[in-house]
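Fold and geometry: a report
Read off the chains here:
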Amino acid sequence: MEILPVSDESLKKAAQVLQNGGIIAFPTETVYGLGADAYNADALVKVFEAKGRPRFDPLIIHICNIGTLDKVIDLSQLSEETKRKLYLLTGNFWPGPLSLVLPKNENIPAIATAGLNTTAVRLPANKAAQKLIKLAGGVVAAPSANPFGALSPTTAHHVKDGLGDKVDIILDGGAALVGIESTVLDLSCEQVRLLRHGGIPKEKIEKLIGAVIDASAITAAPEEKSPNGGLASPGQLKSHYAPRTPLTVFAKEEIQNLPHKENTAYLFFDNASREQFKSNFESDNQYNLWVLSSSGNISEAAACLFETLHKLDALGVQRIFAQLAPQKGLGSAINDRLMRASR
Ligand code: TXA
Ligand code: MG
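Cut-offs applied
- Residues numbered from 1 in each chain as written.
- Chains lettered and ligands numbered in written order.
- Predicted model: local features only at pLDDT ≥ 70, side-chain atom pairs only at ≥ 80, totals over all residues.
- Heavy atoms only, no water.
- Axes fitted to C-alpha atoms, helices over the stretch in contact; angles between N-to-C directions.
- Helix = DSSP H or I, 4+ residues; strand = E, 2+ residues; numbered from the N terminus.
- Parallel < 35°, antiparallel > 145°, perpendicular 65-115°, else oblique.
- Left-handed = near helix turned anticlockwise from the far one by under 90°.
- Contact = heavy atoms within 4.5 Å.
- Nonpolar A, V, L, I, M, F, W, Y, C, P; charged D, E, K, R; others polar.
- Phe/Tyr/Trp six-rings, centres within 6.5 Å; stacked < 30°, edge-to-face > 60°.
- Buried < 20%, exposed > 50% of the residue type's maximum accessible area, 1.4 Å probe, protein only.
- Lys NZ or Arg CZ within 6 Å of the ring centre and 35° of its normal.
- Domains from an automatic or database assignment.
- Buried area = accessible area lost by both parts, 1.4 Å probe.
- Salt bridge = Lys/Arg side-chain N within 4 Å of Asp/Glu carboxyl O.
- Pairing = 2+ DSSP bridges.
- 1 Å grid on protein atoms, 1.4 Å probe; cavity = no way out; pocket = protein on both sides within 12 Å on 5 of 7 lines; lining within 4 Å.
- Points joined across faces, edges and corners; volume = space filled by probe spheres on them.
- Arc of directions from axis to C-beta.

1. Looking at the packing of helix α8 (residues 298-314) against helix α9 (residues 331-341)
Closest axis-to-axis distance for the α8/α9 pair is 9 Å, and the angle between their directions is 20°. The angle between α8 and α9 falls in the class roughly parallel. Handedness of the crossing formed by α8 with α9: left-handed. Contact residues: α8 offers I298, A301, A302, L305, F306 and L309, while α9 offers G331, I334, R337 and L338. Partitioning the contact of α8 with α9 into residue classes produces eight nonpolar, one polar and one charged.

Set out below in structure tokens:
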């Protein structure tokens, strides 16, 4: 396994590996992806194996420009109303952290979509990702480049620590800017459904296309069926994005009641919350106090969420207490990840 900084040369090399049926990790603006040629079923098997990912959990197919959308989805199956919403969404949020679930093009192998007749598709904003996808033929399937269920990778080093030699090349494009996965929106049913909170907040989507059903609930059990016969939201298992260290979430209102313990790490949403906690005990107590965004900026908090959880996990403490973000905008995605990380 080699980590190569993004350059024209390394992009060509990585694209070559993809075209030869190999798998490589690459940066996107959300998290690092583990890519394979979406048309190559054997390469897709390698992705599932490297991640230890169950085959019922379908992949997102990444494209490099809107012109290649019809390589991945079957536009002829869409109603006029769905097309209208599709083009509104892509016009406003692509390239960017929004994945759309649509009827699949018949050339996409069943393993990519876990046998569903729909596929998730996304045009990432990261320029290196776009170049790589283009050089590799235009359609790259990529889940997040982490072992299944573990914390998502927002740096090349997270990928190395998680997957090691299971991947030949890791393209290093620095820290992911958004830091949290794409929003997954299902346009394949009559009513649009939000399957995963992510980089594009639900409020922004609703402002553009009207109300959407929130089907991202943490209680969604894998056996629940969606109207089109598949799992309700295959990737939305209760335990996901989890550090090895047990984690408990708390709300701002619960700061007063937090236990004061050594061998524990506390992650606050902002400085004000940390100060509130500190005011409860003698200042010479050396607790392990961390803050996601000192000023309480939600985008900043999202961008460093996984990086911070990776660091907290490496401390070797017995438990992490993590504060929930305000439940609005990107805060909904942060809270979704924290709830799934908790046990
Ligand atoms: O930001 C992202 O989306 C990152 C980067 C690499 O693009 N990728 C990512 O992929 O998060 P992954 O595999 O970790 O998550 C894909 C999610 C899963 O929850 C999966 O169940 C859902 O998308 N998904 C994919 N295809 C679907 C389909 N046809 N129907 C419903 N959900 C689908
Ligand atoms: Mg993932």
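2. Let's talk about the packing of aromatic side chains
Summed over the entire model, instances satisfying the criterion amount to eight aromatic pairs. Considering the side-chain rings of Y266 and F277, the 4.7 Å spacing of their centres and the 35° angle between planes classify their relative orientation as tilted. Residue Y266 is found in strand β13 (residues 264-268), and its partner F277 is found in helix α7 (residues 271-278); the two are separated by 11 residues along the sequence. Residue Y266 is classed as buried on the basis of its relative accessible area, which comes to 0%. On the basis of relative accessibility, which here comes to 0%, the residue F277 falls in the buried class. The residue whose ring lies beneath R337 is Y241, and the NZ or CZ to ring-centre distance is 4.9 Å.

3. Quick word on the domain arrangement of the protein
Under the domain assignment, the protein is made up of domain 1 (2-224) and domain 2 (247-341). Domain 1 and domain 2 are separated by 29 Å when their C-alpha centres are compared. In this complex, domain 1 contributes 21 residues to the contact, which on the side of domain 2 involves 18 residues. For the pair domain 1 and domain 2, the summed buried surface comes to about 1,500 Å²; carbon and sulfur atoms form 61% of the total. For the pair domain 1 and domain 2, the interface holds one salt bridge.

4. Let's talk about the sheet that holds strand β3 (residues 33-37)
Backbone-to-backbone hydrogen bonds join strands into a sheet, with any given pair of strands oriented parallel or antiparallel. Judged by pairing direction, the sheet is mixed, and its 11 strands sit side by side in the order β1-β8-β2-β3-β7-β4-β6-β5-β9-β10-β11 without closing on themselves. The open sheet is flanked by β1 (2-5) and β11 (213-214), the only strands paired with a single partner. As paired strands, β3 and strand β7 (residues 139-141) are joined by two bridges and run antiparallel to one another. Residue pairing in the sheet places A36 in a bridge with A141 of β7. Those strands touched by helix α2 (residues 41-51) are β3 and β7, and its axis lies near 155° from that of β3.

5. Thoughts on the layout of surface pockets
Its volume calculated, the largest pocket comes out at about 290 Å³. Sorting the residues of the lining of the largest pocket by element identifies α5 (156-163) and α8 as the ones contributing at least two each. With four residues, α5 is the largest single contributor of residues to the lining of the largest pocket. Across the lining of the largest pocket, the residue classes tally to nine nonpolar, five polar and three charged. Both domain 1 (2-224) and domain 2 (247-341) contribute no fewer than three residues apiece to the lining of the largest pocket.

6. Digging into α5
One full turn of an α-helix is made of 3.6 residues, so residues set three or four places apart face in the same direction. Along α5, the residues that are buried comprise A156, H158, V159 and L163. Buried residues of α5, seen end-on, are gathered within an arc of 155° and therefore sit on one face of the element. Summarising the contacts, the buried residues of α5 are in contact with β1, β2 (24-26), β3, α2, β8 (169-172) and α8. Looking one or two residues beyond α5, the residue adopting positive phi is G164, at roughly 50°.

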